[in-house]
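Inside the fold
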Amino acid sequence: ILILIITASIFAHVIAPHNPYDLASVSLMDLMKPPIWMEGGVDKFILGSDLQGRGILSTILYGTRISLLVGFAAVALGGTIGITLGMIAVYFGGKVDSIIMRMADIQLSFPTMLIAITVMAFLGRGILKLIVVIGLATWVTYARTARGSTLSIKSSEFVEAAKLIGVTNTKILLRHILPNILTPIIVIATVQIAQVIMLEATLSFLGLGVELTRPSLGLIIADGYKRLFSGDWWLVVFPGTVLVLIVLSINIFGDWLRGQFR
């Protein structure tokens, strides 16, 4: 399911019946059409259309691309920052370790959602802003994991041997320590992708996520929620189902991955 969803989002420009970003292909005459199997449905809108006359299937395909982009990019940013700081904290120790871990403790005292909402409220909408904010709000998990793993191998014979022959600190961190601490971090990152996608959907639902002109799954659900109790259920059910499938499949994959590395 995960491979199917990722593939469909990557090739959305080929699979989608029309481009929801192309104003020339959108007509207000087509707004609020029900799915094709219901009375009033039309062939070109298999899953119905939304308040702007865009096909739900097309917006889901393009919206999934945005949600996955934010999920993977934010995890990559947060992971890079966290792993780097975690390794540096242990390797150099002393005041460096204390400062980095106190920063982590301070950030852990604030919920990630609260940090993201507060910062996005000041910065405004935007995909790049969202990725940076979520990445900076989630680095602590990777830093603490990287620190714990680095502690266990810092005094290993191969690290000590590398120091004795004059290998630089940067090369020791990148070539000798990093490859040996990636296993638990990969598992955490897999689970974090699902959490970040949900966070992005929540922020977009609240009006603090991606731009209105670039629909993500959260933004599509937010638009459809206003019409849910008017009988236009397809505006929420179909994008909501895709969001659930993405998060569920990523979590199942993460559980399987955790089992493989035990």
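The paragraphs below set out a description of the structure included in this document. Nothing here was measured: the structure is a model prediction, and the numbers come from that model.

Parameters at a glance
- Position numbers for residues count from 1 along each chain, tracking the sequence in the order it is written.
- Local features in a predicted model are, by the rule used here, given only for residues with pLDDT of at least 70; side-chain atom pairs are given and counted only at 80 or more, and totals for whole chains, interfaces and linings are based on all residues.
- Remark: hydrogens and water are excluded; side-chain values derive from all non-hydrogen atoms of the structure.
- Helix and strand assignments follow DSSP, with helices taken as H or I runs no shorter than four residues and strands as E runs no shorter than two, numbered in order from the N terminus.
- Throughout this description, buried means an accessible area under 20% of the type-specific maximum (1.4 Å probe, protein chains only), exposed means over 50%, and partly exposed covers the range between.
- Here, two residues are considered to be in contact whenever any of their heavy atoms come within 4.5 Å of each other.
- Lines fitted to the C-alpha atoms define the axes, with helices restricted to the stretch that makes contact. Angles between their N-to-C directions range from 0 to 180 degrees.
- Orientation categories follow fixed angle ranges, with anything under 35 degrees roughly parallel, anything over 145 roughly antiparallel, 65 to 115 roughly perpendicular, and all other angles oblique.
- What makes a crossing left-handed is the near helix being turned counterclockwise from the far one by less than a right angle; a clockwise turn instead makes it right-handed.
- Note on residue classes: Ala, Val, Leu, Ile, Met, Phe, Trp, Tyr, Cys and Pro are nonpolar, Asp, Glu, Lys and Arg are charged, and everything else, Gly too, is polar.
- Salt bridges are identified by distance alone: a Lys or Arg side-chain nitrogen within 4 Å of an Asp or Glu carboxyl oxygen.
- Pairs were defined over the aromatic rings of Phe, Tyr and Trp, the Trp ring being its six-membered one, requiring ring centres within 6.5 Å. Orientation was assigned from the angle between planes: stacked under 30 degrees, edge-to-face over 60, tilted for the rest.
- Here the expected length of a helix is defined as 1.5 Å per residue gap, with one fewer gap than residues.

**With respect to the overall build of the protein**
- From N to C terminus, the protein includes eleven helices and zero strands.
- Ordering the α and β elements of the protein from the N terminus gives α-α-α-α-α-α-α-α-α-α-α.
- With respect to the principal axes defined by its C-alpha atoms, the protein has extents near 75 × 35 × 30 Å.
- Counting only residues that meet the buried cut, the protein has 45% of its 262 residues in that class.
- Contacts in the protein between residues far apart in sequence, at least 24 positions, make up 71% of those at least 6 positions apart.

**Quick word on the packing of helix H7 (residues 139-153) against helix H9 (residues 169-205)**
- Taken N-terminus to C-terminus, the directions of H7 and H9 make an angle of 150 degrees; their axes are 9 Å apart at the nearest point. Regarding the angle of H7 to H9, the classification is roughly antiparallel. Helix-helix and strand crossings are classified by hand; for H7 and H9 the assignment is right-handed. Facing Thr141, Tyr142, Thr145, Ala146, Ser149, Thr150 and Ile153 of H7, the residues of H9 in contact are Ile177, Asn180, Ile181, Pro184, Ile185, Ile188, Ala189 and Gln192.
- Along the lines of polarity and charge, the residues of the contact of H7 with H9 split into nine nonpolar, six polar and no charged.

**Quick word on the pattern of salt bridges**
- Inspection of the entire model under this criterion finds four salt bridges.
- The residue aspartate 50 makes a salt bridge to arginine 54 at a minimum N-O spacing of 2.9 Å. Each of the two residues, aspartate 50 as well as arginine 54, counts as buried.
- A salt bridge links aspartate 97 to arginine 147, with the shortest nitrogen-to-oxygen separation between them at 2.8 Å. Of this pair, aspartate 97 sits in helix H4 (residues 94-108) while arginine 147 sits in helix H7; the two residues are 50 residues apart in sequence, bridging distant segments of the chain.
- A residue is classified by how much of its surface remains accessible, and aspartate 97, at 14% relative accessible area, is buried.
- When salt bridges with common partners are traced through the structure, they connect Arg102, Asp105 and Arg144 into a single cluster.

**So, the packing of aromatic side chains**
- For the coordinates displayed, the defined rule picks out five aromatic pairs.
- Summarising the aromatic geometry, the rings of tyrosine 91 and phenylalanine 92 are spaced 5.4 Å apart at their centres and angled 85 degrees between planes, so their arrangement reads as edge-to-face.
- Residue classification places tyrosine 91 among the buried positions, given a relative accessible area of 9%.
- An aromatic cluster is built from Trp37, Trp233, Trp234 and Phe238, whose rings are joined through pairwise contacts.

**Remarks on H7**
- Taking 1.5 Å per residue, 15 residues should reach 21 Å; H7 reaches 21 Å between its end C-alpha atoms and fits that length.
- Buried within H7 are the following residues: Trp139, Val140, Tyr142, Ala143, Thr145, Ala146, Ser149, Thr150 and Ile153.
- Packing partners of the buried residues in H7 comprise helix H3 (56-92), H4, helix H6 (127-137), helix H8 (157-164) and H9.

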